[in-house]
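Chains, contacts and geometry: an overview
The residues making up each chain are set out below.
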Amino acid sequence: MKAVMLVKAYDPVTKELGEIQCCQVKKPELVHEDDVLIKVAYASVCGSDPHLLEGMFDLPIPSPCGHELSGTVEALGKGAVHKGLKIGDKVTGNFYRTCGVCGDCLSGKSQFCQNAVGHGAAQAEYIVWREDQVYVLPKDVGLLEASLTEPFNIAVRAVELSGIRIGQHAAVSGGGGIGLMAAQLLKKAGAGRVTVLEPVDSKRQRAIEMGADYVLNPLDDNIQEQVEELTRGKGFDVIIESSGNGAAAKKALDFAGRGACAVFMSMYPKDYEMRINLLEYCYRKELRIQGMYLAQESFQRAVNMLPQMNFKPVIEKIYSLDECKQAYEDQKSGKYAKLVFDCSR
């Protein structure tokens, strides 16, 4: 079968990027009693996927790529009986498998599971995951949009961590896939107004299609004045920073109003450090600065919300697995909200 593989590692000495390619590999088989064989329909490209080429993750060579997917159940282990899965079910899944018994799992912090295993290999024709990672899709949810469930789950937790209250003015910094989904979800959660800050024109347009009330270009020279005018000098009640850009991260604190919550849910460069004036931001403005790492506890709730969401404006290009290099280049360009592989092509 075809699968996207990391075939060359990043060279920290020469700074030469790693390399991916579409390879012929052995079709995975059921090994454990609770294994589920999934015929992958679509696999979306995560914003973190190009980081594989930059040595962000310490992976062996070769390594399979991708962790966001939708598909159909093709085979079940004899012990995969707890979720009522059936051959032919349309499903999605959570790549990050936790143990459920360590201290962090038992205390409701399973994102920090001491024994977690991250199963990639979603950008392929087939994948085998354990039953507890697999979720049946609601009726009438298409496989294309369902491939965005895992990143949508990140948006779900970011919105929940923000503590958004009905009628508040929320903002999203960064109009990538997760940022746009978060903007739509904030409206569903009761935000009175939602503003998306994004420098790319096409992404700002998509933010409006996704339900944002206002869009601003954070690179405008007078952006602080625009925010103050839009919020009547109060700043945003909630701001979710989803760009992963250091300069944008600092501006998020400037745009936040007194008593606001700023959620930082992105991966930033390893060497990026942000200096803040604690007197100004934490004392005088009384900001709640909220970090975030994965979203284990909300996955089923994210699946339940899929029928209420519209992801069509987010998906901008669809590729075959053979076009993986172009897909990763396009993702690195920052021009697109969400890119998806059609794994049957």
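Please refer to the structure higher up on the page.
Presented here is a report on the structure given in the accompanying data block. (Residues numbered from 1 in each chain as written. Predicted model: local features only at pLDDT ≥ 70, side-chain atom pairs only at ≥ 80, totals over all residues. Heavy atoms only, no water.)

Moving on: the sheet that holds strand β1 (residues 2-8). Pairing between sheet strands relies on hydrogen bonds along the backbone, with the strands arranged either parallel or antiparallel. Ordered in space as β2-β1-β4, the three strands form an open sheet in which the pairing is antiparallel. Each having just a single partner strand, β2 (19-24) and β4 (63-64) make up the two edges of the open sheet. Where β1 lies against β2, six bridges are found, and the strand directions are antiparallel. Of the residues in β2, the one forming a bridge with Ala3 is Cys23. Docked against the sheet, helix α10 (residues 324-333) engages β1 and β2, running at close to 150 degrees with respect to β2. (Pairing = 2+ DSSP bridges. Helix = DSSP H or I, 4+ residues; strand = E, 2+ residues; numbered from the N terminus. Contact = heavy atoms within 4.5 Å. Axes fitted to C-alpha atoms, helices over the stretch in contact; angles between N-to-C directions.)

Within the structure shown, the criterion is met by six aromatic pairs. It is Lys27 that lies over the ring of Tyr126; its NZ or CZ is 4.1 Å from the centre. Across from the ring centre of Tyr135, 4.0 Å away, lies the NZ or CZ of Lys83, which sits over that ring. (Phe/Tyr/Trp six-rings, centres within 6.5 Å; stacked < 30°, edge-to-face > 60°. Lys NZ or Arg CZ within 6 Å of the ring centre and 35° of its normal.)

Another aspect to go through is a nonpolar patch on the surface. On the surface, a nonpolar cluster with roughly 240 Å² of combined accessible area is contributed by Phe57, Leu59 and Met267. Within the secondary structure, Phe57 is located in the loop between β3 (35-44) and β4. (Patch = residues over 30% accessible without salt bridge, like charges linked within 9 Å, V, L, I, M, F, W, Y side chains within 5 Å. Areas by Shrake-Rupley, 256 points an atom, 1.4 Å probe, with all protein chains shown as cover. Salt bridge = Lys/Arg side-chain N within 4 Å of Asp/Glu carboxyl O.)

All right, on to the nonpolar core then. Among the nonpolar cores identified, the biggest contains 46 residues, and Phe152, Leu186 and Ile240 are the most heavily contacted of them. Considering each element in turn, this core owes the most residues, seven residues, to helix α3 (residues 149-162). Leu186 has contacts with Val159, Ser162, Ile164, Ala170, Val172, Ala191, Val194 and Ile240, leaving out every residue within four places of it along the chain. Counting residues in each nonpolar core, the second largest holds 31 residues, with Val45, Leu53, Leu69 and Cys324 among its members. (Core = buried A, V, L, I, M, F, W, Y, C linked by side-chain atoms within 4.5 Å. Buried < 20%, exposed > 50% of the residue type's maximum accessible area, 1.4 Å probe, protein only.)

Let us now look at α3. Over its 14 residues, α3 runs 20 Å from end to end, which matches the ideal 20 Å to within 8%, given 1.5 Å per residue. For α3, the buried fraction is high: 13 of the 14 residues fall into the buried class. Gly163 sits one or two positions beyond α3 and adopts a positive phi of about 70 degrees. (Expected span 1.5 Å × (residues − 1).)

It is worth spelling out the pairing of strand β9 (residues 126-130) at this point. Burial runs high along β9: five of the five residues are buried. Burial along β9 is two-sided: Tyr126, Val128 and Arg130 facing one way and Ile127 and Trp129 facing the other are all buried. Relative to β9, β3 is paired through five bridges, and the arrangement is antiparallel. Looking at β9, one finds that Asp35 is bridged to Arg130.

Where helix α6 (residues 223-230) is concerned, the buried positions are Ile223, Val227 and Leu230. Down the axis of α6, the sector holding all buried residues measures 70 degrees, keeping them to one side. Tucked inside the fold, the buried residues of α6 contact β11 (169-173), β12 (193-197), β13 (214-216), β14 (236-241) and α7 (246-255). Immediately downstream of α6, the backbone of Arg232 shows phi near 55 degrees, a positive value. (Arc of directions from axis to C-beta.)

What follows concerns the environment of Arg288. Within the element layout of this structure, Arg288 appears in strand β16 (residues 288-291). Its relative accessible area of 38% is what places Arg288 among the partly exposed residues. A polar atom in the side chain of Arg288 sits 3.2 Å from the backbone oxygen of Leu161. At 3.3 Å, the side chain of Arg288 and the backbone oxygen of Ser162 are in polar contact. (Polar contact = N/O pair within 3.5 Å; in protein donor to acceptor, adjacent residues only side chain to side chain.)

A packed helix pair is summarised by two numbers, namely the angle formed by the two axes and the spacing between the axes. Relative to each other, α3 and helix α4 (residues 177-188) sit at 50 degrees, their axes nearing to 9 Å. Taken as axis vectors, α3 and α4 run oblique relative to one another. As for how α3 packs across α4, the hand of that crossing is right-handed. Judged by residue contacts, Pro151, Phe152, Ile154, Ala155, Val156, Val159 and Ser162 of α3 engage Ile178, Met181, Ala182, Leu185 and Leu186 from α4. (Parallel < 35°, antiparallel > 145°, perpendicular 65-115°, else oblique. Left-handed = near helix turned anticlockwise from the far one by under 90°.)

It is worth spelling out the pattern of salt bridges at this point. Using the criterion set out here, one finds 20 salt bridges in the structure. The closest approach of N and O atoms between Lys325 and Glu19, which form a salt bridge, is 3.1 Å. Taken as a pair, Lys325 in helix α10 and Glu19 in strand β2 lie far apart in primary sequence, 306 residues in all. For Lys325, a relative accessible area of 44% gives the class partly exposed. Between Arg97 and Asp34 there is a salt bridge; the shortest N-O distance is 3.9 Å. Highlighted residues: Arg97 in strand β7 (residues 96-97) and Asp34 in the loop between β2 and β3, separated in sequence by 63 residues. Accessibility expressed as a relative area gives 21% for Arg97, which makes it partly exposed. Using a relative accessible area of 19% as the deciding quantity, one classes Asp34 as buried.

So far we have only geometry, and geometry alone does not tell us how the molecule works.
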